[in-house]
Amino acid sequence: MSDPAIELRGISKSFGAVKANKDIAIRVMPGTIHGIIGENGAGKSTLMSILYGFYRADRGEIFIRGERTDIPDSQAAIRAGIGMVFQHFKLVQNFTVLENIVLGAEEGALLTTSLGKARTLLKQLSEDYELQVDPDARIEDLGVGMQQRVEILKALYRQADILILDEPTGVLTPSEADHLFRILEGLKREGKTIILITHKLREIMEITDTVSVMRRGEMTATVKTAETGPEELAELMVGRKVLLRVEKKAAQPGARVLEIEDLRVVDGSGVERLRGISLDVRAGEILGIAGVAGNGQSELLEVLGGMRSGTGRVRVNGDELDLVGPRADARTRRARGIAHVPEDRQHEGLIMDFHAWENVAFGYHADPAYNRGLLMDNDALRRDTERKIAKFDVRPADCWQTAKNFSGGNQQKIVIARELERDPDLLLVGQPTRGVDIGAIEFIHQQIVALRDAGKAILLVSVELDEILSLSDRIAVMFDGRIMGERLPSQTDERELGLMMAGITDTDRGHTHAEVEGNLAHVHGKVG
Ligand code: ADP
Ligand code: MG
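- Per an unreviewed UniProt entry, the protein carries the name Nucleoside ABC transporter ATP-binding protein and comes from Palleronia aestuarii.
- Regarding the protein, the UniProt comment filed under Subcellular location (unreviewed entry) reads as follows: "Cell membrane".
- Quoted straight from UniProt, the Sequence similarities (unreviewed entry) entry for the protein says "Belongs to the ABC transporter superfamily."

## Considering the domain arrangement of the protein
Piece 1. By the assigned domains, the protein splits into domain 1 (6–238), domain 2 (252–337 + 424–497) and domain 3 (347–422).
Piece 2. Computed from C-alpha atoms alone, the centre-to-centre distance between domain 1 and domain 3 is 40 Å.

## Thoughts on the pattern of salt bridges
Piece 1. In the structure shown here, the tally under the stated rule is 43 salt bridges.
Piece 2. Put simply, Lys-456 and Asp-423 hold a salt bridge, and the shortest N to O gap is 3.1 Å. You can see Lys-456 sitting in the loop between helix 15 (438–453) and strand 20 (457–461) and its partner Asp-423 sitting in the loop between helix 14 (408–420) and strand 19 (426–430), a full 33 residues away along the chain.
Piece 3. Judged by its relative accessible area of 12%, Lys-456 falls in the buried class.
Piece 4. One salt bridge connects Arg-474 with Glu-486, and the closest N-O pair in it is separated by 2.7 Å. Taken together, the positions of Arg-474 in strand 21 (residues 474–479) and Glu-486 in strand 22 (residues 482–487) put the pair 12 residues apart, joining distant regions of the chain.

## Some remarks on the site of ligand 1
Piece 1. All residues adjacent to ligand 1 are Phe-15, Val-18, Ala-20, Glu-39, Asn-40, Gly-41, Ala-42, Gly-43, Lys-44, Ser-45, Thr-46 and Tyr-55.
Piece 2. A distance of 3.2 Å is found between an oxygen atom of ligand 1 and a backbone nitrogen or oxygen belonging to Ala-42.
Piece 3. In the environment of ligand 1, an oxygen atom lies 2.9 Å from a nitrogen or oxygen atom belonging to the side chain of Ser-45.
Piece 4. In isolation ligand 1 has 560 Å² of accessible area, and contact with the protein removes 61% of it.
Piece 5. Breaking the shell around ligand 1 down by element, the ones donating at least two residues are strand 2 (18–28) and helix 1 (44–51).

## Focus: helix 5 (residues 144–157)
Piece 1. Here helix 5 spans 20 Å end to end across 14 residues, near enough to the 20 Å set by a 1.5 Å rise per residue.
Piece 2. Among the 14 residues of helix 5, 12 are classified as buried, and the element is accordingly described as predominantly covered.

## Topic: unusual backbone geometry
Piece 1. The residue after Arg-395, namely Pro-396, is reached through a cis peptide bond having omega -5°.
Piece 2. Looking at where Pro-396 falls in the secondary structure, it is placed in the loop between helix 13 (378–391) and helix 14.
Piece 3. A positive phi angle, near 65°, is found at Gln-159, a position not held by glycine.
Piece 4. Within the secondary structure, Gln-159 is located in the loop between helix 5 and strand 7 (162–166).
Piece 5. Accessibility expressed as a relative area gives 66% for Gln-159, which makes it exposed.
Piece 6. Even without glycine at this site, Arg-216 takes up a positive phi of about 45°.
Piece 7. Secondary-structure assignment places Arg-216 in the loop between strand 9 (210–215) and strand 10 (218–224).

## Examining the sheet that holds strand 6 (residues 82–85)
Piece 1. If you trace the six strands from one edge of the open sheet to the other, you get 6-7-8-3-9-10, paired in mixed fashion. Because the sheet does not close on itself, it has two edges, and the strands there are strand 6 and strand 10. Geometrically, the sheet is characterised by an average inter-axis angle of 20° between neighbouring strands, direction not taken into account.
Piece 2. Running at roughly 30° to strand 9, helix 8 (residues 230–238) makes contact with strand 3 (33–38), strand 9 and strand 10 of the sheet.

## Comments concerning the side chain of Thr-225
Piece 1. Among the structural elements, Thr-225 can be located in the loop between strand 10 and helix 8.
Piece 2. Exposure remark for Thr-225: the relative accessible area of 4% places this residue in the buried category.
Piece 3. Looking at Thr-225, its side chain comes within polar contact range of the side chain of Thr-208, at 2.8 Å.
Piece 4. Aside from chain neighbours lying at most four places away, what touches Thr-225 is Ile-204, Met-205, Thr-208, Asp-209, Thr-210 and Val-211.

## A short note on the sheet that holds strand 14 (residues 311–316)
Piece 1. Read from one edge of the open sheet, four strands run 12-11-14-15, paired in antiparallel fashion. Only two strands of the sheet have a single neighbouring strand rather than two, namely strand 12 (272–282) and strand 15 (319–320).
Piece 2. Pairing of strand 11 (residues 256–266) with strand 14 involves five bridges; the strand directions are antiparallel. Of the residues in strand 14, the one forming a bridge with Glu-261 is Arg-313.
Piece 3. Docked against the sheet, helix 9 (residues 297–304) engages strand 11, strand 12 and strand 14, running at close to 115° with respect to strand 11.

Rules used throughout
- Residues numbered from 1 in each chain as written.
- Chains lettered and ligands numbered in written order.
- Predicted model: local features only at pLDDT ≥ 70, side-chain atom pairs only at ≥ 80, totals over all residues.
- Heavy atoms only, no water.
- UniProt positions renumbered as here; feature names shortened; annotations may be inferred.
- Domains from an automatic or database assignment.
- Salt bridge = Lys/Arg side-chain N within 4 Å of Asp/Glu carboxyl O.
- Helix = DSSP H or I, 4+ residues; strand = E, 2+ residues; numbered from the N terminus.
- Buried < 20%, exposed > 50% of the residue type's maximum accessible area, 1.4 Å probe, protein only.
- Near = heavy atom within 4 Å.
- Polar contact = N/O pair within 3.5 Å; in protein donor to acceptor, adjacent residues only side chain to side chain.
- Areas by Shrake-Rupley, 256 points an atom, 1.4 Å probe, with all protein chains shown as cover.
- Expected span 1.5 Å × (residues − 1).
- Pairing = 2+ DSSP bridges.
- Axes fitted to C-alpha atoms, helices over the stretch in contact; angles between N-to-C directions.
- Contact = heavy atoms within 4.5 Å.

Here is the structure:
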């Protein structure tokens, strides 16, 4: 048997009191796709940053193709044939593709001469690995899928035969992710070794040969993908059994709670972000809005939540809402029975320097229950918060912690506790589980379904198609400020929804890859 492409032994790394990697051992065989999975903060990025020379381990050894290798910096990693595609791309935005690829690899030659050679080599690489990209395009004009391609080409240009990708699909649409996987399979056929970091079980099952699981800084298991399944992996990640599927009964939709007709929003720079939206949400129903980020979903939640103005007609329980003027604000909306879990919990959902109990009162402090004469009844507020913290399993269960000291998942639980416990008629909820671990995702999903079963209307916005498909009773797809169409979850799939998200409605006609890519680039162009 050949030597592992990479072997790590006894790797440990601390940041102050945080033990990010504890005595990690892993062997990655050449010519394989090796997945590393784990919840947020498990230590995946730290481990790979050590391998790429971005951090130095406190202890431990690295072997590359059987040889002990010191990797003090990224140049050493590149010399050892390792390339890395980071979670946040490191491309120079106003340079061209070609310039970015050559940057840092000129080897002292004049940039102009190396550019000529680079163009030829780049063309060859693009052809060999089906990584088509325009060498003269500026990075700022490319969508994220294309930028990722440039990062991969950059690594290949440096002759990497071991490629590390850190959460590469987080920013991609389903069809872009598919394309990336086909590229990775091609690289594997050419004998490259690939390490894929992800927290998505489906991706691990689809593309990897072997998977290693990390939990709280430790490597808890390495198994052959063919010999495991999502349930087992989830349990290894979280340390307990997790329900991966949302358990819910069929919806019992009642009266129309939210009625939207021809809703329009123009942003500060005069661009129309909502171009005539019409929708209904009934009591006891979850309407999911699918779409690539930046197609108007945020503006829809914001105008309904009273955070920006618009035109058109919106009725809640038959009463028309003001869309402009002093009564088009968040407070008036809350008084009308509308709760809002905003997409950006750190900026809009919480005040990060305030205590948990203050955040639980946020927006509702005028409530008579919390007021004694002219003063707020802080003791009543804190008692109320303690009850909510217990019910929503917020950890640590300490109402004196400031919001910024909770993990992302627990911050989200604080916002959800506040909004759901108001017993609203209509819940607006954006990206409820963004950055949240799978254990907490299960819990948040159960709370949303429970609210639905209590007869409330729920408008859910999420860029995670899995989440839309498993929670929604009805799905509307948004593209470019419009609703492309509505589907029942039982009558559609990721493929069809993915095409609608790219602005293509007529899925029967059959579209070439280039057409879809063109639309996707258009979508991403709008995201900026
Ligand atoms: P993952 O990639 O699995 O989400 P990370 O490797 O990014 O996890 O983080 C592991 C732990 O180390 C987390 O608790 C994180 O907060 C901490 N950590 C990571 N990088 C740093 C750093 N540069 N300084 C301090 N703490 C860090
Ligand atoms: Mg990470």
